[in-house]
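Below are the chains, spelled out letter by letter.
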Amino acid sequence: MKTVSIINLKGGVAKTLSTISMAHILAEKHGKRVLVVDNDKQGNTSKLFGVHSYERKSIADLMIDRNADMAEVIQHTIYPRIDVIAANMNLLTANLRVMMDSSRPQQTRLRAALRKVAAQYDYCLIDNAPDINISTINALVASNEAIIPVKIDRYAFDGLNELKSQIEITREELNPTLHLAGCLITCFQRDAGEEEGEKWLRENLGCPVYKTHIRYSGKVVGSSFEGKPIVEYSKTCGASRDYISFVDEYLGTQEV
Ligand SMILES: Nc1ncnc2c1ncn2[C@@H]1O[C@H](COP(=O)(O)OP(=O)(O)O)[C@@H](O)[C@H]1O
Ligand SMILES: [Mg+2]
């Protein structure tokens, strides 16, 4: 199982849309078995996959309880090859409890849990909250790769250095397998300003940037109201075509 963190300290850069789209395309087009981990208490990824709940176990249980039963924490979806570890607001108190409980390591809990199911999946995609906290550190410790979605605007660089150094520290101290796979430009709108902006970002981000960018598409709002991944809602809109190309590009960079 390859584990990928979709991460950025900024909100609204399409972390969640990118995680959902990538999971859906890997599973439905490429036949991969995908475990999606919702690591954001807002639970948007869980909601889209129809598994947001306070009755069933979630990532919060996994962070607190070393013996949490993975079969209870992992939820199946309508997609045969996509399972989800859901998140809800309980993650807020779970994080505080993890911080107060030094009786066992605090940063390796997600990794320890995911290792138990590694043989069952080809990919694990972790959708993160716009933060560096004990949850996101657990995600980086559990990951082989980080993908950073970035939206073209003046503030695109905010938090990027902090994130890059967090990745570096995690790699050096806790997880030598972790590397920054690349930045993914999202919400691209074709006009002169954006093209300039994209060029500027590619030159200045200081890390690899995927060739494919993701176009802005009005269909994305409709897909979220319908509760469907964008490629299922509108296969031919710009964002869908681009996410399909991005996954092809991403798979092309994977060693076999
Ligand atoms: N390619 C796109 N086209 C149109 N809207 C988009 C696109 N990507 C993201 N959005 C919208 O931007 C907002 C933020 O996206 P989201 O994936 O929730 O970001 P994050 O998880 O980084 O906060 C959402 O309302 C989403 O529908
Ligand atoms: Mg999100």
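Just so it is clear, the model here is predicted, and its values are computed rather than measured.

### Considerations on the environment of Y243
Its location among the elements puts Y243 in helix α12 (residues 238-252). Judged by relative accessible area, which is 1%, Y243 ranks as buried. Along the chain, Y243 and R215 lie 28 residues apart, while their C-alpha atoms are 9.0 Å from each other. With near-sequence residues (within four places) excluded, Y243 lies in contact with A14, L17, S18, S21, I25, L184, T186, I214 and I230.

### Section: the environment of E195
Take E195: it is sitting in helix α9 (residues 192-204). Look at E195 and you get partly exposed, because its relative accessible area is 38%. Residue contacts for E195: discarding those within four places in its chain leaves F188 and R190.

### Comments concerning the sheet that holds strand β6 (residues 145-151)
If you walk across this open sheet you meet the 7 strands as β3-β4-β2-β5-β1-β6-β7, and the pairing is mixed. Each edge of the sheet is formed by a strand with only one pairing partner; in this case those strands are β3 (74-76) and β7 (179-186). Neighbour to neighbour, the strand axes of the sheet diverge by 25° on average, direction disregarded. As judged from the 3 bridges shared by strand β1 (residues 2-6) and β6, these two strands associate in the parallel manner. Opposite I6, over in β6, you have I147 as the bridge partner. Contacts from helix α8 (residues 160-173) reach β6 and β7, with the element oriented near 175° to β6.

### Overview of the site of ligand 1
Surveying the vicinity of ligand 1 reveals 13 residues, the closest of which are G12, K15, T16, L17 and S217. In this structure, K15 approaches ligand 1 through a side-chain N or O atom, which is 2.8 Å from an oxygen atom. S217 places a polar main-chain atom, nitrogen or oxygen, 2.9 Å from a nitrogen atom of ligand 1. Compared with its free state, where it exposes 560 Å², ligand 1 has 76% of that area covered by protein. More than half of the atoms belonging to ligand 1 lie within 2 Å of the grid points that define the largest pocket. Element by element, the count of residues in the shell around ligand 1 is highest for helix α1 (residues 15-28), at 3 residues. Classifying every residue of the shell around ligand 1 gives 7 nonpolar, 4 polar and 2 charged.

### Quick look at the pattern of salt bridges
Pairing between side chains becomes possible if they bear opposite charge and their charged atoms approach one another. If you walk through the whole model with that rule in mind, you get 11 salt bridges. The partner of R171 in a salt bridge is E168, with the nearest N and O atoms 2.6 Å apart. Separated by 3 residues within a single helix, R171 and E168 lie in helix α8, roughly one turn from each other. Residue class for R171 comes out partly exposed when judged on its relative accessible area of 31%. According to the relative accessible area criterion, E168 is partly exposed, its value standing at 33%.

### Topic: the packing of aromatic side chains
Enumeration according to the criterion identifies 5 aromatic pairs in this entry. Seen in terms of ring centroids, F49 and Y79 are 6.1 Å apart; in terms of plane orientation they differ by 85°. Their pairing is edge-to-face. One end of the pair, F49, is in the loop between α2 (44-48) and α3 (59-64); the other, Y79, is in the loop between β3 and β4 (82-85), and 30 residues separate them in sequence. Y79 matches F49 in its accessibility class, with the two residues each being buried. Seen in terms of ring centroids, F246 and Y250 are 6.3 Å apart; in terms of plane orientation they differ by 40°. Their pairing is tilted. Residue F246 and its partner Y250 are located together in helix α12, separated by 4 residues, close to a single helical turn.

### Looking at the environment of L9
Assignment of secondary structure puts L9 in the loop between β1 and α1. Look at L9 and you get partly exposed, because its relative accessible area is 21%. If we ignore the near neighbours within four places in the chain, the residues touching L9 are P130, D131, I132, G159, E162 and L163.

### Brief notes about α8
With 14 residues, α8 extends 20 Å from end C-alpha to end C-alpha; this agrees with the ideal 20 Å at 1.5 Å per step. Restricting attention to buried positions, one finds in α8 the residues L160, L163, Q166, I167 and T170. An end-on view of α8 places all buried positions within 125° of arc, on one side of the element. Relative to its buried face, α8 has exposed residues pointing more than 90 degrees away, namely N161, E172 and E173.

Calculation criteria
- Residues numbered from 1 in each chain as written.
- Chains lettered and ligands numbered in written order.
- Predicted model: local features only at pLDDT ≥ 70, side-chain atom pairs only at ≥ 80, totals over all residues.
- Heavy atoms only, no water.
- Helix = DSSP H or I, 4+ residues; strand = E, 2+ residues; numbered from the N terminus.
- Buried < 20%, exposed > 50% of the residue type's maximum accessible area, 1.4 Å probe, protein only.
- Contact = heavy atoms within 4.5 Å.
- Pairing = 2+ DSSP bridges.
- Axes fitted to C-alpha atoms, helices over the stretch in contact; angles between N-to-C directions.
- Near = heavy atom within 4 Å.
- Polar contact = N/O pair within 3.5 Å; in protein donor to acceptor, adjacent residues only side chain to side chain.
- Areas by Shrake-Rupley, 256 points an atom, 1.4 Å probe, with all protein chains shown as cover.
- 1 Å grid on protein atoms, 1.4 Å probe; cavity = no way out; pocket = protein on both sides within 12 Å on 5 of 7 lines; lining within 4 Å.
- Sits in = over half its atoms within 2 Å of the grid points.
- Nonpolar A, V, L, I, M, F, W, Y, C, P; charged D, E, K, R; others polar.
- Salt bridge = Lys/Arg side-chain N within 4 Å of Asp/Glu carboxyl O.
- Phe/Tyr/Trp six-rings, centres within 6.5 Å; stacked < 30°, edge-to-face > 60°.
- Expected span 1.5 Å × (residues − 1).
- Arc of directions from axis to C-beta.

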